Amino acid sequence: IMSFVAFAIVPSASCGRKKACAISCTSNLKQIGLALRMYSQEYKGEYPPYDGAKGLEVLRANGFLENVRMYTCPMTSDWQKAKDGCEIKEESCSYVYKAGLNENSPVDKALAWDKPGNHKNYGNILFNDGHAAGFYGKNWMENIK
């Protein structure tokens, strides 16, 4: 009986951890969004001018969001590569950042999102209005505009 109970509990604990990690990942994108807004207040409504980790590194290097763990999804091993005080590189960053937008861009435009493969059939997207949302399904990236 005890082994049956143990086998019944383990999958639900694993599922709960995955959901918590997905929520933490969404929260990371929300924090990146706040840092992008602070940056834009200093740079006439413009966001960092570089795609990918290079654009997010601008936030870290200029003190807008210095905690390198915020640029990593807890569902990946990227957090193990991220070292405090070190430059954010593509191999230690879990998110895709799209340069070329500003505060006046449409609110439904995506600023950043999970790299494909961070989650199975799920992904988070940060929109220009500052909200981050998670989308389920294999086609979650279709929500990136």
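Keep in mind it's a predicted model, so treat the numbers as computed, not measured.

*Asks:* Describe the overall build of the chain, naming the residues involved and giving the relevant values.
*Replies:* Regarding its fold elements, the chain presents 3 helices and 4 strands. Taken from the N to the C terminus, the helices and strands of the chain come in the order α-α-α-β-β-β-β. Here the chain, with 145 residues, has 43% of them falling under the buried criterion. Taking the intrachain contacts of the chain between residues at least 6 apart in sequence as the baseline, contacts between residues at least 24 apart amount to 47%. With the model as given, the accessible surface of the chain reaches about 8300 Å², and the carbon-plus-sulfur share is 57%.

*Asks:* Lay out the nonpolar core in plain terms, naming residues and giving numbers.
*Replies:* Among the nonpolar cores identified, the biggest contains 28 residues, and Ile32, Leu36, Leu56, Leu59, Tyr71 and Leu126 are the most heavily contacted of them. If you list the elements that add at least two residues to this core, you get α1 (2-42), α2 (52-61), β1 (95-97) and β2 (110-114). Examining the composition of this core, we find that 6 residues originate from one element, α1, more than from any other. In contact with tyrosine 71, other than residues within four places in its own chain, are Ile32, Leu56, Leu59, Arg60, Leu65, Ile88, Ser92, Cys93, Ser94 and Tyr95. Grouped together as the second largest cluster of nonpolar side chains are 6 residues, Ile125, Phe127, Ala133 and Trp140 included.

Rules used throughout
- Residues numbered from 1 in each chain as written.
- Predicted model: local features only at pLDDT ≥ 70, side-chain atom pairs only at ≥ 80, totals over all residues.
- Heavy atoms only, no water.
- Helix = DSSP H or I, 4+ residues; strand = E, 2+ residues; numbered from the N terminus.
- Buried < 20%, exposed > 50% of the residue type's maximum accessible area, 1.4 Å probe, protein only.
- Contact = heavy atoms within 4.5 Å.
- Areas by Shrake-Rupley, 256 points an atom, 1.4 Å probe, with all protein chains shown as cover.
- Core = buried A, V, L, I, M, F, W, Y, C linked by side-chain atoms within 4.5 Å.

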